Amino acid sequence: MQSPQSAARGNTITHNLRLGTAGIAWVLSVLYLLVEIFTAGAWKTPYSFARDSISSLGVTTCSVDSCSPMHDVMNAAFMILGALTIVGAALLHKYIPDGRAKKWILGLAVVVALSTAATGLFPANDGTFVHWTAVFPGFIARHAVLVLMAISFWRHRRWIAVWSGLCAATGIVGAVLLLGRTLTFGLGERLTLYPLPMWMAVTGVAALLALMRRTVLKNVELTLPGNGFVTALLSLRPRRSRAAVPTDVLAPRELTGL
């Protein structure tokens, strides 16, 4: 039979592996933004981040106004970003406070991941209907998942809630400005879509810092910007259902507390 010490050690290793793998996956999401710059730089005609859509970078055919020679790289980046999204979500969902929102958060994360990957599988030149059928669910789900994260963590880990709420608000404002044509399409689309990969990247960095503080830096005092956010992640543990406790055991404790 496994001793309590061995079980605790095994749980700690599992916890650290989850935190580390998810952190690395989400930190890598920032590479998607670099791929945009790299792909845009290969255009034969000047690409405008203010006016041109992100989807234009993945178009597989050329026209007079646009041609993306590195479209395969961009479309692969969409698919990889979708995979990174689901890896991080699958590993970290156990740390979300219990409640009805927990299942919705994981479900919406899957929608975002599949929609992002489908953007690369069905580029804009495959037809407006097909492309937007792939893209549109992610446009909606990405904001909803951040709002639910902010609500779920508000009473438990305030820093995580504030960061999630800030990113959600930025994306929603971007969507409103995009739909109202207040901003050029490229700027509006990026203000709408960028908050989620940025949220993932920053959360991934915080997760890795929390893991380092738990392991290699556990005896070192660190004062860093956003230290409260790291501390919040450091204190996270997988949420588990409480085992049933006999009432005759609870009774003396309740009486003692009176």
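Before going into details, it helps to say that this report is about the structure given with it. (Residues numbered from 1 in each chain as written. Predicted model: local features only at pLDDT ≥ 70, side-chain atom pairs only at ≥ 80, totals over all residues. Heavy atoms only, no water.)

Time to look at unusual backbone geometry. Residue Arg181 is not a glycine yet carries a positive backbone phi of 55 degrees. The topology assignment puts Arg181 in the loop between α6 (158-179) and α7 (185-193). Taking the relative accessible area as the measure of exposure, Arg181 reaches 76% and is therefore exposed. (Helix = DSSP H or I, 4+ residues; strand = E, 2+ residues; numbered from the N terminus. Buried < 20%, exposed > 50% of the residue type's maximum accessible area, 1.4 Å probe, protein only.)

As a further point, take the state of the cysteines. Joining two cysteines, a disulfide is a covalent bond between their sulfur atoms. A complete count under the given rule lists one disulfide for this structure. What pairs with Cys62 in a disulfide is Cys67, and their sulfur atoms sit 1.8 Å apart. (Disulfide = S-S within 2.5 Å.)

By size, the foremost hydrophobic cluster in this structure holds 45 residues, and its most contacted members are Trp26, Tyr32, Met74, Leu146 and Trp199. At the level of elements, α1 (4-27), α2 (31-41), α3 (71-92), α4 (100-121), α5 (128-153), α6 and α8 (195-214) are the ones that each hand at least two residues to this core. Excluding residues within four positions of it along the chain, Tyr32 makes contact with Ile54, Met74, Ala77, Phe78, Leu81 and Tyr194. (Core = buried A, V, L, I, M, F, W, Y, C linked by side-chain atoms within 4.5 Å. Contact = heavy atoms within 4.5 Å.)

To continue, consider the pattern of salt bridges. The final tally for this structure, using the stated rule, is two salt bridges. When the shortest N-O distance is used, the salt bridge between Arg190 and Glu36 registers 3.2 Å. Highlighted residues: Arg190 in helix α7 and Glu36 in helix α2, separated in sequence by 154 residues. (Salt bridge = Lys/Arg side-chain N within 4 Å of Asp/Glu carboxyl O.)

Taken as a whole and assessed by the stated rule, the structure comprises five aromatic pairs. Summarising the aromatic geometry, the rings of Tyr32 and Phe78 are spaced 5.8 Å apart at their centres and angled 45 degrees between planes, so their arrangement reads as tilted. Of this pair, Tyr32 sits in helix α2 while Phe78 sits in helix α3; the two residues are 46 residues apart in sequence, bridging distant segments of the chain. Their ring planes at 75 degrees and their centres at 4.8 Å tell us that Trp43 and Tyr47 sit as a pair that is edge-to-face. Tyr47 carries the same exposure label as Trp43, and that label is buried. Ring-pair connections join several aromatic residues into one group, and the members of that group are Trp43, Tyr47 and Phe49. (Phe/Tyr/Trp six-rings, centres within 6.5 Å; stacked < 30°, edge-to-face > 60°.)

Interpretation in functional terms is not warranted from these geometric data alone.
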